[in-house]
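A structural walkthrough
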Amino acid sequence: MRAEASLVAEADGAGGTRLAVLRGESPLLLRRTGPRGPGVTVHLVGGAAGPLRGDDLRLTIAVGERATLSVRSVAAQLALPGRPGAPPSRLVVTATVAAGGALLWAPEPLIAAAGCDHVAVTDVTVADGGTLVWRDDLVCGRHAEEPGDVRSGVTIRYAGRTLYRHELAVGPAAPGWSGPAVLGTARAIGSLIVAGPSPGPGPSPSPGSGSGASSGPDPADPGSGPGSARLGLLGGDAVVMPLAGPGVLASAVGPDIRQVRAALDPLTVLPVPVPV
Amino acid sequence: MSLATLLVLADGRLPAGGHAHSGGLEAAVSAGRVAGVADLEGFLRGRLSTSGLVAAAFAAAACAHPSRWSGLDDALDARTPSPALRKASRAQGRALLRAGRAMWPLPPIGREPHHPVALGVLASAAGLGPEAAAVAAAHGTVTGPASAAVRLLGLDPYAVHALIARLAPECDRLAAVAAARTDDPPDDLTAAGAPLLDLGAERHATWEVRLFAS
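So, here's what we can say about the structure. (Residues numbered from 1 in each chain as written. Chains lettered and ligands numbered in written order. Predicted model: local features only at pLDDT ≥ 70, side-chain atom pairs only at ≥ 80, totals over all residues. Heavy atoms only, no water.)

So, the overall build of chain B
For chain B, the helix and strand inventory stands at nine helices and zero strands. If you list the helices and strands of chain B from N to C, you get α-α-α-α-α-α-α-α-α. Its C-alpha radius of gyration of 16 Å places chain B within 12% of the 17 Å reference for a compact globule of 214 residues. Here chain B holds 214 residues, and 54% of them are scored as buried. Taking all contacts inside chain B whose residues are at least 6 apart in sequence as the whole, residues at least 24 apart take part in 75%. Of note, chain B has its 19 positive side-chain charges centred 5 Å away from the centre of its 19 negative side-chain charges. (Helix = DSSP H or I, 4+ residues; strand = E, 2+ residues; numbered from the N terminus. Rg over C-alpha atoms; globule rule 2.2 N^0.38 Å. Buried < 20%, exposed > 50% of the residue type's maximum accessible area, 1.4 Å probe, protein only. Contact = heavy atoms within 4.5 Å. Lys, Arg positive; Asp, Glu negative; His and termini not counted. Charge placed at Lys NZ, Arg CZ, Asp CG, Glu CD.)

Structural data, given as structure tokens:
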């Protein structure tokens, strides 16, 4: 199955955002949801059946100057085996954010079912002065199930420079993925990139910081950004790390998605604009 | 290519500070993730196919194109979200250059590049090719934590070296892959990551008492 979906958000000229393009096809269907406000929320619907091996899915998102868009999904994506011999299923998400624009991407997790063979490619380009909050969660296998193969690749560019490049491979074709260097016994992983003029993670995280570990920011990092007070270890297996460029990565792993959500959900919000 | 020169570059006794780093092993041991040789094998396989693959790719590219060291260095920053790991990589790069300058004349390169970039430029200055640089990089990502495991856990050194020998063909394979892609733009080079290495490095950096710098 091939499908393309496209989403373009623009400033409406009255301090709000309008959707200039909202186009999808099964299984990538898009619906505007949520209350009217300064920003627009769109949900991916119908994402539950698949992707299956052989599927080729593309989603393109463009956020214009001074527009604010949140993209979520109503259900987890479940990567499934599909036709034997077909190429890997593939979801390519490409997003651009203009100066003064803001994009929050926070879909439900991708679940790697047994026997799947899935490739997820994310390519995000943010102009200087744009804001990005990008969350991706992966669950390796349904309940008590060994996962198939998933390879994800993420490239995030900010102001013309590559801010973050990351690939993760899980499943039988990935040597050592369940070993103590990569995921160990964890079967869920979440990552959250926050990039922009004030790249601190979102407000009031109050994570479960009862791990007893000293949780100060890395003394090696001056941490001058607005969110720097919250950099460092979160509770459990979660940490917020300042990137070399204007952004932070919050990363969490856990036996299932609950620990990941507890650590990352409070941070997965668009920063409140700073009055100029 | 001089095989003896490659041995000089990859020798664990090279005074480049490598013995001070455990490649994330100390944090993994403390977290209870590595206790014996079987765990160590899982750790090393995962590290080799993530950090090792990246180090091999960047050492090969820097060896093939020493003048592009700065762009490769930026690309490694983008692949290293953990500040503790960026710091450790740059400290090892600087130490390697200090040792390297005493051995071969080096082209211009920053004071504190990431270790794989320093290794590639040094390999080039020593007259080695990209594949040799990549082998040294991949092998180093295995031997560092392996020797740390012997010291931290008192593992049988024979069993640990048997493990290193079993991983040698995989080091060769990764190096060949890396050497075939040295002309790719930096964004296209591998970015294989290991979440627990990042987490462990950040946690480790907060310890007041530790045996290894990373």
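Description of the interface of chain B and chain A
Taken together, the contact between chain B and chain A spans 35 residues of the former and 34 residues of the latter. Counting the surface lost from both chain B and chain A, the interface buries some 2900 Å², and carbon and sulfur atoms represent 60% of this. The three residues of chain B that bury the most area against chain A are Asp 187, Pro 195 and Leu 199 of chain B, which together make up 20% of that side's buried surface. In this structure, the connection of chain B to chain A is made through four salt bridges. Across the salt bridge formed by Arg 161 of chain A and Asp 74 of chain B, the nearest N and O atoms sit 3.2 Å from each other. Connecting chain B to chain A are 15 residue pairs in polar contact (both at pLDDT 80 or more). Of all elements in the fold, only helix 3 (37-64), helix 4 (69-78), helix 5 (83-103) and helix 9 (195-205) of chain B reach the threshold of two or more residues within the side of chain B that touches chain A. (Buried area = accessible area lost by both parts, 1.4 Å probe. Salt bridge = Lys/Arg side-chain N within 4 Å of Asp/Glu carboxyl O. Polar contact = N/O pair within 3.5 Å; in protein donor to acceptor, adjacent residues only side chain to side chain.)

Things to note about the pairing of strand 10 (residues 102-106) of chain A
Residues and elements named next belong to chain A. For strand 10, the buried fraction is high: five of the five residues fall into the buried class. The side-chain alternation of strand 10 yields two buried faces, one formed by Ala 102, Leu 104 and Ala 106 and the other by Leu 103 and Trp 105. Examined bridge by bridge, strand 7 (residues 68-73) and strand 10 share five bridges and lie parallel to one another. Considered in strand 10, the bridge of Arg 72 is made with Ala 106. Both strand 10 and strand 13 (residues 131-140) contribute to a ladder of four bridges, which runs parallel. Residue Ala 102 lies in a different strand from strand 13, and its bridge partner there is Thr 131. (Pairing = 2+ DSSP bridges.)

Remarks on the side chain of Ser 6 of chain A
The topology assignment puts Ser 6 of chain A in strand 1 (residues 2-11). Setting aside chain neighbours within four positions, we find Ser 6 of chain A in contact with Val 21, Leu 22, Arg 23, Leu 30, Leu 59 and Thr 60 of chain A.

Considering the nonpolar core
By size, the foremost hydrophobic cluster in this structure holds 120 residues, and its most contacted members are Leu 59, Ile 61, Leu 69, Leu 103, Leu 132 and Trp 134 of chain A together with Leu 40 of chain B. Ranked by the residues each element gives to this core, the list is headed by helix 3 of chain B, at 15 residues. Those residues within four positions of Leu 69 of chain A in sequence are excluded, and the remaining contacts are Leu 7, Ala 9, Leu 19, Val 40, Val 42, Ile 61, Val 63, Ala 102, Leu 103 and Leu 104 of chain A. Counting residues in hydrophobic clusters, the runner-up holds 21 residues, among them Leu 78, Leu 234, Ala 238 and Leu 264 of chain A. (Core = buried A, V, L, I, M, F, W, Y, C linked by side-chain atoms within 4.5 Å.)

Here's the deal with empty space enclosed by the protein
In this structure the tally under the stated criterion is six cavities of 30 Å³ or more. Lining the largest cavity are 32 residues; nearest its centre among them are Asp 136, Asp 137, Ser 152, Val 154 and Ser 191 of chain A. Every element with two or more residues in the lining of the largest cavity is listed here: strand 9 (89-97), strand 12 (117-126), strand 13, strand 14 (149-158), strand 15 (161-170), strand 16 (188-195) and strand 19 (247-254) of chain A together with helix 9 of chain B. When its residues are assigned to classes, the lining of the largest cavity shows 21 nonpolar, seven polar and four charged. (1 Å grid on protein atoms, 1.4 Å probe; cavity = no way out; pocket = protein on both sides within 12 Å on 5 of 7 lines; lining within 4 Å. Points joined across faces, edges and corners; volume = space filled by probe spheres on them. Nonpolar A, V, L, I, M, F, W, Y, C, P; charged D, E, K, R; others polar.)

What about the sheet that holds strand 1 of chain A?
Residues and elements named next belong to chain A. Taken in spatial order, the seven strands line up as 2-1-6-9-12-14-15 in an open sheet, and their pairing is mixed. Each end of this open sheet is capped by a strand with a single partner; those strands are strand 2 (17-23) and strand 15. Strand-to-strand, the axes of this sheet are offset by a mean angle of 10°, without reference to chain direction. As defined by bridge partners, strand 14 adjoins strand 15 across nine bridges and the pair is classed as antiparallel. Across the sheet, the residue bridging to Ile 156 is Tyr 164, located in strand 15. (Axes fitted to C-alpha atoms, helices over the stretch in contact; angles between N-to-C directions.)

Considering the packing of aromatic side chains
Residue and element names in this part refer to chain A. Under the counting rule described, the total for this entry stands at one aromatic pair over all chains. A centroid spacing of 4.8 Å and a plane angle of 15° characterise the contact between Trp 105 and Trp 134, whose relative ring orientation is stacked. With Trp 105 in strand 10 and Trp 134 in strand 13, this pair connects stretches of sequence that are 29 residues apart. Residue Trp 105 shares its accessibility class with Trp 134, and that shared class is buried. (Phe/Tyr/Trp six-rings, centres within 6.5 Å; stacked < 30°, edge-to-face > 60°.)

A word on the state of the cysteines
Any covalent bond linking the sulfur atoms of two cysteines counts as a disulfide. All names here are of chain B. Taken as a whole and assessed by the stated rule, the structure comprises zero disulfides over all chains. Free of any disulfide, Cys 63 has its nearest neighbouring cysteine sulfur in Cys 171, separated by 17 Å. When its relative accessible area of 5% is taken as the criterion, Cys 63 is described as buried. (Disulfide = S-S within 2.5 Å.)

Things to note about unusual backbone geometry
Residue and element names in this part refer to chain A. A cis amide bond links Ser 26 to the next residue, Pro 27, at an omega of 0°. One can find Pro 27 in the loop between strand 2 and strand 3 (29-33). We note that Ala 144 has phi near 55°; this positive angle belongs to a residue other than glycine. Counting through the fold element by element, Ala 144 comes out in the loop between strand 13 and strand 14. The phi dihedral of Ala 159 falls on the positive side, at around 50°, and the residue is not glycine.

A few points about helix 4 of chain B
All of the buried residues along helix 4 of chain B are Leu 72, Asp 73, Ala 75, Leu 76, Asp 77 and Ala 78 of chain B. Tucked inside the fold, the buried residues of helix 4 of chain B contact strand 15 of chain A together with helix 3, helix 5 and helix 6 (115-125) of chain B.

Brief notes about the packing of helix 3 of chain B against helix 7 (residues 130-153) of chain B
Residue and element names in this part refer to chain B. At a closest axis distance of 7 Å, the pairing of helix 3 and helix 7 adopts a crossing angle of 150°. It follows from the interaxial angle that helix 3 and helix 7 lie roughly antiparallel. When you trace helix 3 past helix 7, the crossing you get is right-handed. (Parallel < 35°, antiparallel > 145°, perpendicular 65-115°, else oblique. Left-handed = near helix turned anticlockwise from the far one by under 90°.)

Description of the environment of Gly 23 of chain B
All names here are of chain B. Within the fold, Gly 23 resides in the loop between helix 1 (3-10) and helix 2 (25-30). For the pair Gly 23 and Asp 156, spaced 133 residues apart in sequence, the C-alpha to C-alpha distance is 19 Å. For Gly 23, the contacting residues outside a window of four places in its chain are Phe 43, Arg 47, Pro 145, Leu 197 and Ser 214.

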